[in-house]
Each structure stands twice: as structure tokens, then as C-alpha cells.
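Residue-level listing of the chains:
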Amino acid sequence: MKPVKPFFDVDYSLIEDMFHTVDLASGRDLEKDSLRSLLSSHGCEVKEVKTKPEISGELGIICGDSSNAVRELRYHALWGVHSTCVYGVFDGREYPDTLSGHGKIIYRDLLYSSDIKFGSIVPYSEVDSRANSMRVQSELSFLTKCVEEVSVEGKSVDYVLLDGSILTNLQNLRKKGEDFPETQKALKALKDLMKRENLVGMAEDSHATDLSRELGFDYTNMLLFDVALDPMEYVVDERDGVYVCYVKLPAKKLTHTPSGVGAPMTVRWEFNKKGFEDDLNKLAFLWTLEDDLLHPQLYPLRLADYFTRQVKIGGILDAIVQERKLDLKYRELREA
């Protein structure tokens, strides 16, 4: 050890040496043909997405997302969530993008709704886990409510898009058990939504390694399929009644970028029914038509995500703390 002095001494040469020893598997050592053969032997058949599926009439799409915040105080824990839903109709035409004021979008009759909830977490324990369950329950319950509302109004609901993975949410909530009512309510909200055959989960990012590990790799599933698949190909991995599709979407036109084209993108989309292939074809086709942004989710779902950020839930919780003069944690009261 070293004597304590005003200057804190660190051997930065050791840090520089460690830069080159961090294991960052790139996947470049994977051989595509042998990987595809291994997938086939594991029961994962490589299939093709139709480039131009038949879409007669209109497609009504509704989706939901949420943002949440938590404040852990000295004696209290606060939570809050802002849930939003967006509805739109695709009919094969282009419409002005009223949100940004420039460009065209492929959806009309865009509608949105939002819901804000906040309160305290009692008892003060397992705050992060329970707050996440509250977020899931609030988001999915509100999405279900919005689906019912637009259906009553006579609007078609062909697809209900869920932000994130159906399977991961299901597995995580089951693992948490039934120690707290928040988890039970969140699991019920998800199962109620899964009763709809037109539910589709679209993950923004996926770090799952379950299938990859079964095949003997340490990579993420996404990296595995990014190497194995050609554009417009996909593989299905069925687990717990959820059909997890790894799809390699093609390069497409991007109006607002210097190059004017985006690279192929591997995505994880999930369905909760057999015979989903036609739905996958249609949603992939819609994705290729969207030219505003390269992203693994469709425009209505990205719009719902954007709307969640228009209300600062953390600011609401901070206002409660100030107005009620709640005691902060000691670590937030340090003085020198």
C-alpha cells in the first residue's frame, strides 16, 4: 500500500495494457455455412420473408410504451410511470409527417393517448424489481384499455405492437414469484394481452443468449443470426408458446441520411400464435417502406416511445419530495 497524500497515484500503464486483453468476441471467426448447418440440425430452419406480400385494404396498428422513475429516500420510496398508446392506419399511401413538419409517412389517422400514475412503494423493499413490475402492469393495462376503446369506436385493430420481448417479460415476471402483488398484477396484465392473437413483440435491443448457448457458443443470439442469415431470411425459435423470430431485414432507402440507404438489420420480433408467417411478411414489408429512420421497431411504436419522454416522471417525483419535505438519503446530504 502507499501513504495517503493529496495526489492519488494510479499506474495508468496497467490500464492501457488491459485495453488489449478485454475479450470482445466479434463473430468473425464464425463460418456462415457451418453455422447454418448447425442451426438446421437444431431444428431451426432458415426461411424467407416475402418481399411484396398481398395487403388488401387497410391495416390498423396500435402500440404502447412507457417510461418510469424511482426515488429512494431515507424513509420512503416513490415510483411513477407515464404510459402512452399510438394508433395508426396503413393503406399503401403516403401522408405528410405532421409531427416533424417535413417528409412523408405511410400512416394516416394517427391518434395517441397517455396515462400517468405515481405513488409510494410499501413496504420499502425490493424497490427496483417492484417498480419495474408496476411499470409493466401500468403499460400493458393501459394498452389493453386503448385497444378496447378504438375497437368500440369501430376502428380496425389488426396488430397490437408491444415494446420489447413477450417471452422475456413472461419469464422475468414468473421468476419474481408471487411475493408482491405488483408482480402478480403485471403477469396477469401480460397474460390478458397474450390472449389476443394479433400481439407482436418488437425488441429494441436483445441480449438473449439462450439459443446460442444451446448451440455451444458464448455469443448473443442476435450476433449468431446476423452472421448466419442473408437479408430477407429468418429463423423461428418457439419457447413457452411464443414464436421468437430472428429476421434479417434488407438494406432500404433512408430519405434523411447522407448515403440515402441503410445497412441490413437483424431484428427480434415475436408472435404468440401459430401461422404468423403472413403477419411477419406484412410487418417486414411496412418496415421496408419507412424511410425516416433505421430502427428495429415500426414507426407507431417509435412514436409511442417518443411521447413517453414528453412527461418527466422524475420531475414529478422530485416535486413531491420538495413539497412534502421528505428526508433524503444521508449520502445525498453530504456537506464539506
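If you're wondering where the values come from, they're calculated on a predicted model, not measured in any experiment. (Residues numbered from 1 in each chain as written. Predicted model: local features only at pLDDT ≥ 70, side-chain atom pairs only at ≥ 80, totals over all residues. Heavy atoms only, no water.)

Visitor: Quick question: what am I supposed to make of the overall build of the protein here?
Guide: Check the secondary structure of the protein and you find ten helices and 13 strands. Out of the 336 residues in the protein, the part that is buried amounts to 46%. In the protein, of all internal contacts separated by at least 6 residues, the share reaching a separation of at least 24 is 70%. Total accessible area on the protein stands at roughly 18600 Å², and carbon and sulfur atoms take up 51% of it. Positive and negative side-chain charges in the protein, numbering 43 and 56 respectively, have mean positions lying 4 Å apart. (Helix = DSSP H or I, 4+ residues; strand = E, 2+ residues; numbered from the N terminus. Buried < 20%, exposed > 50% of the residue type's maximum accessible area, 1.4 Å probe, protein only. Contact = heavy atoms within 4.5 Å. Areas by Shrake-Rupley, 256 points an atom, 1.4 Å probe, with all protein chains shown as cover. Lys, Arg positive; Asp, Glu negative; His and termini not counted. Charge placed at Lys NZ, Arg CZ, Asp CG, Glu CD.)

Visitor: How should I be thinking about the environment of Phe8 in this particular structure?
Guide: Structurally, Phe8 can be placed in the segment before α1 (12–19). The class for Phe8 is exposed, based on a relative accessible area of 67%. Once the C-alpha coordinates of Phe8 and Glu139 are considered, the two residues, 131 residues apart in sequence, prove to be 47 Å apart.

Visitor: It is not clear to me how the pairing of strand β3 (residues 77–90) should be interpreted in this structure. Could you clarify?
Guide: For β3, the tally of buried residues reaches 14 of 14 residues, placing the bulk of the element in the interior. Judged by which residues are buried, β3 turns out to be covered on both faces: Ala77, Trp79, Val81, Ser83, Cys85, Tyr87 and Val89 on one side and Leu78, Gly80, His82, Thr84, Val86, Gly88 and Phe90 on the other are all buried. The pairing of strand β2 (residues 59–72) with β3 spans 14 bridges and is antiparallel. Considered in β3, the bridge of Gly64 is made with Cys85. Counted between consecutive antiparallel strands, the loop separating β2 from β3 contains four residues. Sheet analysis places β3 next to strand β6 (residues 108–120), joined by eleven bridges and oriented antiparallel. What sits directly across from Gly80, in β6, is Phe118. (Pairing = 2+ DSSP bridges.)

Visitor: Just checking my understanding: could you explain the side chain of Arg130 for this structure?
Guide: Its place among the elements puts Arg130 in helix α3 (residues 127–152). Polar side-chain contacts of Arg130 include one of 2.9 Å to the backbone oxygen of Val122. Sequence-distant contacts of Arg130, defined by excluding residues within four places in its chain, comprise Ile121, Val122, Pro123, Ser125, Phe180 and Glu182. (Polar contact = N/O pair within 3.5 Å; in protein donor to acceptor, adjacent residues only side chain to side chain.)

Visitor: I tried to follow the sheet that holds strand β10 (residues 242–249) on my own but got confused; where do I start?
Guide: Adjacent strands of a sheet form backbone hydrogen bonds with each other and so pair up, either parallel or antiparallel. Here nine strands make up an open sheet; going across it, the order is β1-β9-β10-β13-β8-β7-β2-β3-β6 and the pairing mixed. The open sheet has two free edges, formed respectively by β1 (47–48) and β6, since each of these has just one partner strand. On top of the sheet, helix α7 (residues 221–228) reaches β9 (233–239), β10 and β13 (265–271); it is set at about 120 degrees to β13, its chief contact. (Axes fitted to C-alpha atoms, helices over the stretch in contact; angles between N-to-C directions.)

Visitor: How should I be thinking about the packing of aromatic side chains in this particular structure?
Guide: For the coordinates displayed, the defined rule picks out seven aromatic pairs. On the basis of an interplanar angle of 50 degrees and a centroid distance of 5.8 Å, the ring pair of Tyr306 and Phe307 is categorised as tilted. Residue Phe307 is classed as buried on the basis of its relative accessible area, which comes to 15%. An aromatic cluster is defined as three or more aromatic residues linked by ring pairs; in this entry it consists of Tyr112, Tyr306 and Phe307. (Phe/Tyr/Trp six-rings, centres within 6.5 Å; stacked < 30°, edge-to-face > 60°.)

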